[in-house]
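# Examination of the molecular architecture
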Amino acid sequence: MLSGKFRSALVIGGQGIRARKLRTFLSMVSLFLGVLAVVAVQAGSEIAERAMLTDVELQSGKDGTIRGYVPGEKGAPAIVESTLKGRTDAVAMISSNAIIGEPGVRPINEGGMPFEYAGQGRGYYGPTMICDSNGSCQEQKQPEKKPDGQAIEVSMVALTGDIRAFKPFRPVSGSWLDFGSAPALAPRIVLNEEAAKGLRQYRVPGEMTIEGATHHVTPQIIGVVQDGDMQPRVYMRLDELRTWMPSATETTNSNQYRGGGTSLDLFLQPGSDDLQQLLKAKLIGAGVSQEQMQFQAVKSKERMESELRIMRLIFLGMAFLVLLIGVAGILNVGLATVGERVEEFALRRAVGMSRLLLAGIVLAETLLTGLLTAALAIGAGAAGLQVALMMFGSRFPSLVGTAFPWEAGVAGVIAGLIAGVLGGLIPAIRAAQIPIATVMRA
Amino acid sequence: MTQSFDQPTVQVQAPLLQLNGITKVLKGQGEPRTILSGVDFTVHPGQSVAILGRSGSGKSTLLSLIGLFDRADEGQYFLHGNDITKLPERRAAALRSAEFGFVFQRFFLLKHLTAAQNVAMALVNGQGWSARRKRKQQVMEALEQVGIAHLAKSKPTRLSGGEQQRVAIARALVRQPRIILADEPTGALDTETGNLVVEVLLNTTRQGCGLVLVTHDHDHARKMGRVMELRDGRFN
Ligand SMILES: Nc1ncnc2c1ncn2[C@@H]1O[C@H](COP(=O)(O)OP(=O)(O)OP(=O)(O)O)[C@@H](O)[C@H]1O
Ligand SMILES: [Mg+2]
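The notes below deal with the structure included here. (Residues numbered from 1 in each chain as written. Chains lettered and ligands numbered in written order. Predicted model: local features only at pLDDT ≥ 70, side-chain atom pairs only at ≥ 80, totals over all residues. Heavy atoms only, no water.)

Residues and elements named next belong to chain A. A complete count under the given rule lists 20 salt bridges over all chains for this structure. The residue Arg237 makes a salt bridge to Asp239 at a minimum N-O spacing of 2.9 Å. Exposure remark for Asp239: the relative accessible area of 35% places this residue in the partly exposed category. (Salt bridge = Lys/Arg side-chain N within 4 Å of Asp/Glu carboxyl O. Buried < 20%, exposed > 50% of the residue type's maximum accessible area, 1.4 Å probe, protein only.)

And the structure:
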């Protein structure tokens, strides 16, 4: 019985659409734009969210990661190093500054700033005061002026383990550090894109100086990664660093002032509370004050979603308006068609079709149109995304490899369905209310 | 010849349909108007009835009540002895499909469909479903019955008035109804074509079908088993 009704509806709906191709097409045009708008907004915000999330993950770590910041003083680097040795559930980044290039010269980007700003803000600004926590200040001696030379300053990050479990670095070229093998005598380093750019741009000799290190080394560059950082950075294994710089450096007043010095950045897997307690206890025991240690979970997704939600709502609102225009178009054509088909509908009921089925068929015709339109709009959206990626993809590296998000497809189908229902319901009710006796009167 | 066929056999059987004291009042703008008042009407299987009456006497209104297009304000309606006076619309649609065949003065064919598809319309109405081949066979049988099987693939715009009306009759016959209701089916046709159409309709009564023919043509009316005239909303 049900299948009889359903099949009848299909046959009749198909006949109706074929008999009014132009009308069907016209009602599809406006709806197409509406559904396309919804698809575009949905796809756009979905892609933007993913792109933002990967960038945020690169910078602050994956969602849920517990990050700890510990000052690089009072033996903290050594404590952290020994505590985390051989562990995979936590990694520390021990950062200090290093200079790559001619020895004994002032680097192009003094302080390790991005090269974009290199050469700006040089010069003498008068005496610099440095104050300690007790409030007693002393004038800092101006560092002896070094001659400018072919060298760049980078932030050198020594890793106790593979940081990619917490920060999804994207490979650009070469390979990443291999933490499984025995430490090499010639230190291997991986550059971030900014450091690679500096090396390339300024044709710097590949020799490396580290503050506090006793001798120069020639590092072996094995790869370049995208780490989402503006600062030039080089990554290396902490154990390899130790072969030519046996002890961890302490932060001095002068390099702390410059934002440099040794800093400890810890990444712990969610749920590793015991390890956190252990570290804290050891550090406090060594005299590091509790207030200077910070541990907190990364909640990038949550924060970002609330930021995106408002944007998305605004755009969805606009898309909804466009969709409404599409619905009005379908409704308009649908009502006109019912007017034209009064006799057909009365006749169908006269030969035994029920009111409900007649209404269902009118609704099915617009639903079919709506779904067909949605399919076309989704196809157009997906094709448009591919074209856009081909044209602009290289400028936005985080978008490379983006597929058309299925959420946008679902949104498009829902929009098509809603439009079909809204645009078909009134004509369907009208059709069901046509009085047979009046129409068929001779 | 039809009279001799009708009268003796039919009276002993139970009536196909029976209307008692049917009243229809039109409540449009202004005064309510009584179109039909206390009409009694009976049709037996295989019986043919002609309804005469001048324009506006309520013939079409009566037919629309018999065919369940509309409901009476008073009176009772029995179909095969069952009281269907207060039948819900959903059931009425099923009865229209199974029991009645309709033919109108205007043919009401759908322009975008072929003759065969127009006939198949009565089969594709949500009241049951038969396979395409079975449908095709039923359609061809109905078209043969009215003598235009060769025009099955033609669109209505390419058919003459008589041919179109015969397509409409085939559409009324395709579900093998018990009663044919024809409202001035010859009104738009010339005399000769009209005669042909009336013959086709009368033929259906040979298989026990009831026929109610509304007409202005006394010659056609005389061919029916019974002739009734509506005047002032009642038969006399
Ligand atoms: N829907 C309606 N609105 C207004 N008046 C109506 C309606 N239906 C029927 N009538 C009136 O009811 C009366 C009977 O109409 P009906 O069509 O039954 O007459 P008829 O006998 O079929 O006439 P004809 O021979 O011209 O077809 C007429 O006076 C008509 O004006
Ligand atoms: Mg009439």
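Below, the discussion takes up the site of ligand 1. Close contacts around ligand 1 come from 15 residues, with A:Arg441, B:Arg33, B:Ser55, B:Lys59 and B:Thr61 the closest. Surrounding ligand 1 are residues belonging to chains A and B, so the site spans chains. A distance of 3.3 Å is found between an oxygen atom of ligand 1 and a side-chain nitrogen or oxygen belonging to B:Glu184. Bound to the protein, ligand 1 loses 71% of the 630 Å² it would expose on its own. Residue assignment for the shell around ligand 1 shows that the elements contributing at least two residues are strand 2 (33-43) and helix 2 (59-66) of chain B. Per element, the largest residue contribution to the shell around ligand 1 is three residues, and it comes from helix 2 of chain B. (Near = heavy atom within 4 Å. Polar contact = N/O pair within 3.5 Å; in protein donor to acceptor, adjacent residues only side chain to side chain. Areas by Shrake-Rupley, 256 points an atom, 1.4 Å probe, with all protein chains shown as cover. Helix = DSSP H or I, 4+ residues; strand = E, 2+ residues; numbered from the N terminus.)

So, on to the packing of helix 3 (residues 76-84) of chain A against helix 7 (residues 273-285) of chain A. Residue and element names in this part refer to chain A. Interaxial distance between helix 3 and helix 7 falls to 10 Å at its minimum, and their mutual angle equals 150 degrees. Considering only the axes of helix 3 and helix 7, their crossing is right-handed. Here Ala76, Ile79, Val80, Thr83 and Leu84 of helix 3 lie close against helix 7, whose contacting residues are Leu275, Leu278, Leu279, Lys282 and Leu283. Residue composition of the contact of helix 3 with helix 7, grouped by class: eight nonpolar, one polar and one charged. (Axes fitted to C-alpha atoms, helices over the stretch in contact; angles between N-to-C directions. Left-handed = near helix turned anticlockwise from the far one by under 90°. Contact = heavy atoms within 4.5 Å. Nonpolar A, V, L, I, M, F, W, Y, C, P; charged D, E, K, R; others polar.)

Another aspect to go through is the interface of chain A and chain B. On the side of chain B, 29 residues touch chain A, which itself brings 27 residues to the contact. Between chain A and chain B, the buried area comes to about 2,500 Å², and carbon and sulfur atoms account for 62% of it. The interface formed by chain A and chain B includes six residue pairs in polar contact (both at pLDDT 80 or more). Elements with a contribution of two residues or more to the side of chain A that touches chain B: helix 1 (2-19), helix 9 (342-350), helix 10 (355-392) and helix 12 (436-439) of chain A. It is helix 1 of chain A that contributes the most residues to the side of chain A that touches chain B, eight residues altogether. (Buried area = accessible area lost by both parts, 1.4 Å probe.)

A separate point is the nonpolar core. Ranked by internal contacts, the top residues of the largest apolar core, which has 100 residues, are A:Met440, B:Leu17, B:Phe41, B:Ile66, B:Tyr77, B:Phe100 and B:Leu201. Residue contacts for B:Leu201: discarding those within four places in its chain leaves B:Val103, B:Ile169, B:Ile180, B:Ala182, B:Pro185, B:Leu211 and B:Leu213. A:Leu84, A:Val234, A:Leu283 and A:Phe295 belong to the second-largest nonpolar core, a separate cluster that totals 40 residues. (Core = buried A, V, L, I, M, F, W, Y, C linked by side-chain atoms within 4.5 Å.)

Residue and element names in this part refer to chain A. Closest axis-to-axis distance for the helix 10/helix 11 (residues 406-433) pair is 7 Å, and the angle between their directions is 150 degrees. Taken together, the axes of helix 10 and helix 11 lie roughly antiparallel to each other. Note on packing geometry: the crossing formed by helix 10 with helix 11 is right-handed. Taken together, the residues of the contact of helix 10 with helix 11 break down into 16 nonpolar, eight polar and one charged. (Parallel < 35°, antiparallel > 145°, perpendicular 65-115°, else oblique.)

This brings us to the packing of aromatic side chains. A full pass over the atoms with the stated rule returns ten aromatic pairs over all chains. With centroids separated by 6.0 Å and ring planes inclined at 40 degrees, the aromatic side chains of A:Phe166 and A:Phe267 adopt a geometry described as tilted. Placement of the pair is A:Phe166 in the loop between strand 5 (151-159) and strand 6 (170-174) and A:Phe267 in strand 11 (residues 263-268), with a sequence separation of 101 residues. A relative accessible area of 2% means that A:Phe166 is categorised as buried. Judged by relative accessible area, which is 0%, A:Phe267 ranks as buried. Their ring planes at 85 degrees and their centres at 5.5 Å tell us that A:Phe169 and A:Trp176 sit as a pair that is edge-to-face. Across the pair, exposure class does not vary: A:Phe169 and A:Trp176 are buried alike. Here a set of aromatic residues connected by ring pairs shows up, and it is made of B:Phe69, B:Phe100, B:Phe102, B:Phe104 and B:Phe108. (Phe/Tyr/Trp six-rings, centres within 6.5 Å; stacked < 30°, edge-to-face > 60°.)

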